[in-house]
Each structure stands twice: as C-alpha cells, then as structure tokens.
Amino acid sequence: MVILDLRKDLKHLYNPSAKEFAVVDVPPMNFLMIDGSGNPNTSPEYQEVMNVLYSVAYTLKFALKKGRSIDYPVMPLEGLWWAQDMEAFTLGRKDDWLWTMMIMQPEPVTSEDIARALAEVRKKKDLPALARLRFEPYHEGLSVQIMYFGPYSAEGPTIARMHEFIQAQGYEPAGKHHEIYLGDPRRAAPEKLKTVIRQPVRP
C-alpha cells in the first residue's frame, strides 16, 4: 500500500501561519472543479455542487485504494471567488458572486480514474451538476496567504490587511480570491472555523 501524506507534504500551503502573511509559490496541482454563481448560503445549486465534488472525491479515494493500493486523505474544499463587477464582491452582494468550487487531487489520479468515478456516482445519484464537473490543472504561482480563524462573514478586515500587505511588498493582485475551508460550518462554531485566505499576486 502506497500512502500519500498530502497534508504533511503540502503543509506550507494548507496550514499557514495565522500570525503573519506569507508569500508562497503555489505549484500546478490537479483539481476536480465546478463553476457556479449566486449566494452560497441560499443557492440550491451550490449545495448540489458540494454533493457532486465530495461524492466523486470519495469514490476516487476508495477506488484507488482498492484497485491500485494507493491511499490518501480527501483534501479540503476550496473556492475561487469573483464577480463581473468586483464591487459586488467587495460589498458582499452575494447573489452576484461567481465561483469555482474545487478539491485537489494527488498526482496518481488520472482522467481515466475520473471517468470511472463519474460513471459510478451517476449510477447511484441523480445529480445534474455532475455533467459540469471537470478535472484540470490550476497553477496559482506567486501568492500571499494567511490562516484566518472565524466566521466567513467577518473575513473583510483580514482581506483588507492582506491587500495592504500586498501593496507594501511591491505586488498587486493578479488572480481570483482563493479560500481553503479547513473547518466544517455544520459542526464547528463560527469563531472556530479555519480558512486559508490566498491572493495570487504579481510584481
């Protein structure tokens, strides 16, 4: 059995300091991805997308463990967030938000593995959003990040400080706002939620 310790190997990207901002170079990684839009707190589409991503991710994990003797942890949910009018994003007009939700996959996962997992999930569940799932690399590159503790609704001051840090370091934002959700809002108190907040930058 080959055991991939992804959380340890990628600790600098998935468990950063909460005390200070860090500049990191994020390598290309492969993701299950689905695009969507609207308020994540009220959108049925968002809930279905979550169902699809986790269903396929766990199906893949168990298939590789059984068929190829490769075991690894299912990685956390991640989200890229933006809006056609970025003022809608910064002012919290969530109905106008656009997003890509995704879960990172280890290198041994292939397109053929994905196709088999999709077929298996399709047999068990009627999930229209399954047809929108894609498997592709995402290369974020140079980025600034920090660990944030607290409710998602109170991230604003941390994001503002991040953008001040980015400017002070001689960078400017160069990509979509990125969050990695290390806590489960259904089980953890809002003040105990852990989220990696990341912003790609360029000189």
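The structure displayed is predicted, hence computed values, not measured ones.

Some details on the nonpolar core
Counting residues in hydrophobic clusters, the biggest one holds 47 residues, and the most contacted among them are Tyr-14, Leu-53, Val-56, Met-101 and Leu-133. Those elements giving two or more residues to this core turn out to be α2 (11-14), β2 (22-26), β3 (29-37), α3 (44-68), β5 (77-82), β6 (98-105), α5 (111-124) and β10 (177-181). Look past the residues within four positions of Met-101 in its chain and what remains in contact with it is Leu-32, Met-33, Ile-34, Tyr-46, Val-49, Met-50, Leu-53, Leu-77, Glu-78, Gly-79, Trp-81 and Tyr-181. One finds Ile-146, Ile-159, Met-162 and Ile-166 within the second-largest nonpolar core, a separate group that totals nine residues.

Observations regarding α3
If you check α3, its first and last C-alpha atoms are 35 Å apart, about what 25 residues at 1.5 Å a residue would give, namely 36 Å. Among the residues making up α3, those that are buried are Tyr-46, Val-49, Met-50, Val-52, Leu-53, Ser-55, Val-56, Ala-57, Thr-59, Leu-60, Lys-61 and Leu-64. Buried residues in α3 make contact with β3, β4 (70-71), β5, β6 and α5. Two or three places before Glu-45, at the start of α3, stands the capping residue Ser-43, its side-chain oxygen 3.2 Å from that residue's backbone nitrogen. One or two positions beyond α3, positive phi appears at Ser-69, with a value near 55°.

Criteria and cut-off values
- Residues numbered from 1 in each chain as written.
- Predicted model: local features only at pLDDT ≥ 70, side-chain atom pairs only at ≥ 80, totals over all residues.
- Heavy atoms only, no water.
- Core = buried A, V, L, I, M, F, W, Y, C linked by side-chain atoms within 4.5 Å.
- Buried < 20%, exposed > 50% of the residue type's maximum accessible area, 1.4 Å probe, protein only.
- Helix = DSSP H or I, 4+ residues; strand = E, 2+ residues; numbered from the N terminus.
- Contact = heavy atoms within 4.5 Å.
- Expected span 1.5 Å × (residues − 1).
- Polar contact = N/O pair within 3.5 Å; in protein donor to acceptor, adjacent residues only side chain to side chain.

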